[in-house]
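One-letter residues, chain by chain:
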Amino acid sequence: MKVLIFSSSPNDDGLTAACASAAAEGVKIASGVKMAGGEVEAVNLNDLKVGMCQACENGWGTCLEGHTCQTEDDFQELHARTLGAAAYVLVSPVYWGEMSESAKAFTDRLRRCEATRNEESGLYRKPVIAVAAAGGSGGGMITCLASMERWIEHVRARKFDLIPVNRWSREYKLVTIRAAAEAMLKELKGASG
Ligand SMILES: Cc1cc2nc3c(=O)[nH]c(=O)nc-3n(C[C@H](O)[C@H](O)[C@H](O)COP(=O)(O)O)c2cc1C
């Protein structure tokens, strides 16, 4: 039962990375010591080549009916890997009150492929924890989370939690993120017996 943790910042030791690490710790706690790491997979979207949606043809390309993206880059492999996971943590730094560009590019293309499948979406009812990490003024966390929330709704996934974090709340929000990830995996394990 794999939990995919997406982060989307160029900084390996910043707030986004700390949030992603806290989520990974939570998954590992829920996995049990013997399985530590076995059920968590971390992906930094900034390490991949996932370009922006090209709005092919009249606005819809193969995403509309084929549920695949015709712009070839690292997206195809990541799309398949994403569908294979049971749950997700999406952590984005807040840029201008929005998701980072790498998070936006990936989620935009995934949405086009999956939202048009409606209840057949590969993300249907799968739980997602969204984290908006605002390390600057602290402004824009809510607008960033609002767009993450809409994305979760469009792909028919389930909002397990939406967590805003800023520099001042960092310490206790890392605890919250760890607990949320632990609870999410425990719930999944409980549901699957
Ligand atoms: C282009 C850009 C826009 C930003 N916009 C905001 C913002 O709207 N609100 C905020 O609190 N911080 C903003 N920041 C600061 C980032 O949220 C902050 O650096 C965050 O901690 C990045 O996470 P990191 O440390 O993991 O890279 C911005 C940073 C950049 C580079």
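You'll find the structure just up there.
Notes on the structure in this doc start here. Throughout, a residue's number is its position along its own chain's written sequence, starting from 1. Per-residue local features are limited, in this predicted model, to residues with pLDDT of at least 70; the limit for side-chain atom pairs, both in listing and counting, is 80 or more; totals at the level of whole chains, interfaces and linings are taken over all residues. Computation of side-chain values: all heavy atoms of the structure, hydrogens and water removed.

**What to know about the site of the ligand**
The criterion, for reference: Each residue is tested against the molecule or strand, and it is near if at least one of its non-hydrogen atoms lies within 4 Å. For the purposes of these results, a polar contact is taken to be a pair of N or O atoms within 3.5 Å, where, inside protein, one atom must be able to donate a hydrogen and its partner to accept one; residues adjacent in sequence count only when each atom of the pair is a side-chain atom. Residue-level accessible areas treat just the shown protein chains as cover; the underlying method is Shrake-Rupley with a 1.4 Å probe. Secondary structure elements are defined from DSSP: runs of H or I of at least 4 residues count as helices, runs of E of at least 2 residues count as strands, and each element is numbered from the N terminus. When residues are grouped by polarity, Ala, Val, Leu, Ile, Met, Phe, Trp, Tyr, Cys and Pro land in nonpolar, Asp, Glu, Lys and Arg in charged, and all others, Gly among them, in polar.
In the vicinity of the ligand lie 17 residues, with Ser9, Asn11, Thr16, Gly138 and Gly139 positioned nearest. In this structure, an oxygen atom belonging to the ligand sits 3.3 Å away from a main-chain N or O atom of Ser137. In the complex, 73% of the free accessible area of the ligand, which totals 620 Å², lies under the protein chains. Breaking the shell around the ligand down by element, the ones donating at least two residues are α1 (15-31) and β4 (127-134). When grouped by side-chain class, the residues that make up the shell around the ligand number seven nonpolar, ten polar and no charged.

**Describing the state of the cysteines**
As a reminder, the rule being used: We call a pair of cysteine sulfur atoms a disulfide when they lie within 2.5 Å.
One pass over the structure, following the stated rule, counts zero disulfides. Here Cys19 stays free of any disulfide, with the sulfur of Cys144 as its closest cysteine sulfur at 11 Å.

**Details of helix α5 (residues 170-191)**
A turn of α-helix holds 3.6 residues, and therefore any two residues three or four places apart point the same way. Defined as follows: For a helix, the expected span equals 1.5 Å multiplied by the residue count minus one. The buried label goes to any residue with under 20% of its type's maximum accessible area, the exposed label to any with over 50%, and the partly exposed label to all in between, with areas taken from a 1.4 Å probe on protein chains only. Residue contacts are counted whenever heavy atoms from the two residues lie within 4.5 Å of one another.
If you check α5, its first and last C-alpha atoms are 31 Å apart, about what 22 residues at 1.5 Å a residue would give, namely 32 Å. For α5, the full list of buried residues reads Lys173, Leu174, Ile177, Ala180, Ala181, Glu182, Met184, Leu185 and Leu188. Tucked inside the fold, the buried residues of α5 contact β1 (3-7), α1, β3 (87-93), β4 and β5 (158-166).

**Some details on the environment of Val50**
Relative to the helices and strands, Val50 resides in the loop between β2 (40-44) and α2 (75-83). Along the chain, Val50 and Asp74 lie 24 residues apart, while their C-alpha atoms are 5.5 Å from each other. When near neighbours in sequence (up to four residues on either side) are disregarded, Val50 contacts Asp73, Asp74, Phe75, Ala105, Phe106 and Arg109.

**Considering the sheet that holds β3**
Stated precisely, the cut-off is as follows: The pairing criterion for strands is at least two bridges between them, as found by DSSP. Here, axes are lines fitted to C-alpha atoms. For helices the fit covers the stretch in contact, and angles between N-to-C directions go from 0 to 180 degrees.
With parallel pairing, five strands are arranged side by side in an open sheet as β2-β1-β3-β4-β5. Strands with a single pairing partner mark the edges of an open sheet, and in this sheet they are β2 and β5. Adjacent strand axes in the sheet meet at a mean angle of 15 degrees when their direction is disregarded. Bridge count for β1 against β3 is four bridges, and the pairing is parallel. Considered in β3, the bridge of Phe6 is made with Leu90.

**Quick look at unusual backbone geometry**
One non-glycine residue, His67, adopts positive backbone phi at about 60 degrees. Structurally, His67 is set in the loop between β2 and α2. According to the relative accessible area criterion, His67 is partly exposed, its value standing at 21%. For Arg156, which is not glycine, the phi torsion reads 65 degrees and is therefore positive. Inspection of the secondary structure puts Arg156 in the loop between α4 (141-154) and β5.

**Regarding the pairing of β4**
Defined as follows: The handedness rule is simple: strands pointing away from the viewer, and a clockwise path from the first strand over the helix to the second, make the crossover right-handed.
Burial analysis of β4 places eight of its eight residues in the buried class, which makes it a mostly covered element. Side chains of β4 alternate between two faces, with Pro127, Ile129, Val131 and Ala133 and Val128, Ala130, Ala132 and Ala134 buried alike. Alignment of β3 against β4, held across six bridges, turns out to be parallel. Across the sheet, Val91 pairs through a bridge with Val131, a residue of β4. With respect to chirality, the unit in which β3 leads through helix α3 (residues 101-115) into the neighbouring parallel β4 is right-handed. Where β4 meets β5, eight bridges bridge the pair, whose relative direction is parallel. The residue bridging Pro127 from the neighbouring strand is Arg158, located in β5. Chirality of the crossover, the property in question, places the unit of β4, α4 and β5 among those that are right-handed.

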